Amino acid sequence: MDEDVCRFHRPGLVRMLFEFVFPRYCKVCGRRLDPSEEQLCISCYLGMPRLEYDMNVINPTERMLLAERSLVRASSMFIYDKDSEYSNILFHLKYWHHPRVGQWLGTIGAKELMDKGFFAGVDCIVPMPITYWKEIKRGYNQCSYIAKGIRQATGLPIVNNAVKCVRAHSKQAGLGKYQRWNNAQDLFQVSDIAALQAKHILIVDDVITTGATLCSLIDTMELMIPDLKVSVFTLAVAD
């Protein structure tokens, strides 16, 4: 385990006092965190249903994106199950105003993938865009925090606002596969072709369920950007 990333170490006195007054809780099980723990308790961190990346094996994330001709590689950090306690991570990230759990996991996931050559040739990171009004209402784009974590590990630059989400769509949860794909059409627009041209782009998202939204984004980019190369990283993937 990477102690520098996970911060399971002896805390200082100041931090212990601070967290006595302002306790933190595990984003999975809700147990109060020890000062030596960060975002997840050690039990939940070790029990996370991880997805191991192997460049010689097609993983569930890549399987959803195989139709995209520009795809180089794709991976996710853990398997998503809506009935699992680990789905709480995504609720904290998107709806409960704890985006730094995404940044923390993004750093851990990126450090692990670096050793497996996942970022070879990648030029920049593009967070999955959300609509202007959704970002105003939420206060942040959760995918930007995941991207910050990856940048922390890799040093890759983040390109913001080169691709925009121009149309809100209804929630994907509860929709059938065909409805999800239909719901994800014509969502995006490339606003800065020069920033992405001739680049190998890493698209970062929080969770991939059917792949409809990610495919819609990649399709839009393929129409506008010659010689596009795309890789994808998401925190979670529905198996």
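Structure report, in brief. Since this is a predicted model, take the numbers as computed values, not measurements. (Residues numbered from 1 in each chain as written. Predicted model: local features only at pLDDT ≥ 70, side-chain atom pairs only at ≥ 80, totals over all residues. Heavy atoms only, no water.)

**Digging into the nonpolar core**
Now for step 1: Counting 37 residues, the largest nonpolar core has Leu40, Ile89, Ile150, Leu202 and Phe233 as the members making the most contacts within it.
Now for step 2: Looking at this core, the elements that each hand over two or more residues are helix H3 (42-47), strand S1 (71-80), helix H5 (88-94), helix H6 (100-114), helix H8 (142-154), strand S5 (200-208) and strand S6 (229-238).
Now for step 3: Broken down by element, this core gets its largest block of residues, six residues, from H6.
Now for step 4: Setting aside residues no more than four positions away along its own chain, Leu202 makes contact with Phe118, Phe119, Val122, Cys124, Ile125, Val126, Ile150, Ser231, Val232 and Phe233.
Now for step 5: Judged by nonpolar contacts, the second largest core, of 32 residues, contains Leu71, Ile79, Ala162 and Val232. (Core = buried A, V, L, I, M, F, W, Y, C linked by side-chain atoms within 4.5 Å. Buried < 20%, exposed > 50% of the residue type's maximum accessible area, 1.4 Å probe, protein only. Helix = DSSP H or I, 4+ residues; strand = E, 2+ residues; numbered from the N terminus. Contact = heavy atoms within 4.5 Å.)

**Considering the side chain of Thr61**
Now for step 1: Relative to the assigned elements, Thr61 resides in helix H4 (residues 60-64).
Now for step 2: Here Thr61 falls in the buried class, since its relative accessible area comes to 0%.
Now for step 3: Those residues in contact with Thr61 that sit more than four places away from it in its chain are Leu51, Ala74, Ser75, Ser76, Ile208 and Val237.

**Topic: H6**
Now for step 1: For H6, with 15 residues, the first-to-last C-alpha span of 21 Å sits near the 21 Å given by 1.5 Å per residue.
Now for step 2: Counting buried positions along H6 gives 11 out of 15 residues, so the element sits mostly inside the fold.
Now for step 3: Buried residues of H6: Val101, Gly102, Gln103, Trp104, Leu105, Gly106, Thr107, Ile108, Gly109, Ala110 and Leu113, and no others. (Expected span 1.5 Å × (residues − 1).)

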